[in-house]
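# Residue-level structural notes
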Amino acid sequence: TRRSSDLRIGPIRFRPLSLGESHAVLYIYNNLTVLEAVDVSGDGATGNLTVEVDGRPRASLSMVLADEFAARVKSDVEAGAFFSRASLPWVQRTFHIMNSGRMPVAIYNVGVNGAQRQAYGFNVVGASEMLLQPGDSVPVHLKYQSDAVGVNFTRHVHIVSSLGLLKVPVRVIIQPMALKAMQRALAAAGMAQNGRVLPLGAALFVAVLVTIPLINLVRSAAKDDDKPMAWK
């Protein structure tokens, strides 16, 4: 015969309807005290994903191509290492995906604008399929190669997880000196191809390639009074 102290009851399952602590009373009918009340409690919790840069949460990200980028393009041209748009330097920034909740979160995919990890000039490195425990974070390296046409535009990093879809805006800002450096490099690479000077039609195309983005840059600057900010 087993003693009453050895009797096991359960399992008792808890399915919270809301976040936070919940309380209830479990009543045990018996032939000694007739009714025994036992307080039970449970805690409704979930995971939570945030994007962080240098340990600080960010609602959006930005990538700025400025003086340093222009100098890299100029250096590549002078070294004879620039041949086409594919020769443009990559810009890389790193952010972290943080699980600030109290339950694990499964990361399924990280891409750009709903596409895969490489699209729209971006390449996402890191944070492949994984389970992110509470308090843990994973680095994501976001690389970008300009098409030398767009000036200021926004894409979105899509983080697909067991919590759903998290969209993080990424603003790309190409400052005038960087744009000019890219266009001059592309024009020089085109004219030097096969050691021949471009035909008149191709030369006019290069001139249009250089001029139109600059016009768009002026229009964009007139519409947007805020100053471009560094990576944040």
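Please refer to the structure higher up on the page.
Residues numbered from 1 in each chain as written. Predicted model: local features only at pLDDT ≥ 70, side-chain atom pairs only at ≥ 80, totals over all residues. Heavy atoms only, no water.

Before going further, it helps to spend a moment on the nonpolar core. Phe95, Ile97, Phe122 and Ile159 are the most contacted members of the largest nonpolar core, which totals 41 residues. In terms of residue count, the dominant contributor to this core is helix 2 (residues 176-191) (7 residues). In contact with isoleucine 97, not counting residues within four places along its chain, are Leu49, Thr50, Ile107, Val110, Ala127, Leu132, Asp136, Ser137, Val138, Val140 and Ile159. (Core = buried A, V, L, I, M, F, W, Y, C linked by side-chain atoms within 4.5 Å. Buried < 20%, exposed > 50% of the residue type's maximum accessible area, 1.4 Å probe, protein only. Helix = DSSP H or I, 4+ residues; strand = E, 2+ residues; numbered from the N terminus. Contact = heavy atoms within 4.5 Å.)

Attention now moves to the pairing of strand 13 (residues 164-174). Across 5 bridges, the pairing between strand 5 (residues 61-65) and strand 13 is parallel. Residue pairing for strand 13: methionine 63 is matched across the bridge by valine 172. For strand 12 (residues 152-161) and strand 13, the ladder comprises 10 bridges, and the chain directions are antiparallel. Bridge pairing in strand 13 places serine 161 opposite glycine 164. (Pairing = 2+ DSSP bridges.)

This part is about the sheet that holds strand 5. Strand order in the open sheet formed by 5 strands is 5-13-12-7-10, with mixed pairing between adjacent strands. Because the sheet does not close on itself, it has two edges, and the strands there are strand 5 and strand 10 (130-132). The mean angle between the axes of side-by-side strands here comes to 35°, regardless of whether they run parallel or antiparallel. (Axes fitted to C-alpha atoms, helices over the stretch in contact; angles between N-to-C directions.)

One non-glycine residue, aspartate 54, adopts positive backbone phi at about 55°. Looking at the element boundaries, aspartate 54 is found in the loop between strand 3 (49-53) and strand 4 (56-57). Residue aspartate 54 is classed as exposed on the basis of its relative accessible area of 75%. Positive phi, close to 55°, is recorded for tyrosine 120, a residue that is not glycine. Note that tyrosine 120 resides in the loop between strand 8 (118-119) and strand 9 (122-125).

In this section: a nonpolar patch on the surface. On the surface, a cluster of nonpolar side chains totalling about 540 Å² of accessible area is made up of Val25, Tyr27, Tyr29, Val34 and Leu35. Here the nonpolar patch gets 3 residues from one element, more than from any other, and that element is strand 1 (residues 20-29). Its place among the elements puts valine 25 in strand 1. (Patch = residues over 30% accessible without salt bridge, like charges linked within 9 Å, V, L, I, M, F, W, Y side chains within 5 Å. Areas by Shrake-Rupley, 256 points an atom, 1.4 Å probe, with all protein chains shown as cover. Salt bridge = Lys/Arg side-chain N within 4 Å of Asp/Glu carboxyl O.)

Moving on: the sheet that holds strand 4. The strand order 4-3-6-11-9-8 describes an open sheet built from 6 strands, whose pairing is antiparallel. The open sheet is flanked by strand 4 and strand 8, the only strands paired with a single partner. Two elements, strand 3 and strand 4, share 2 bridges in a ladder whose sense is antiparallel. Bridging from a neighbouring strand, glutamate 52 pairs with proline 57 of strand 4.

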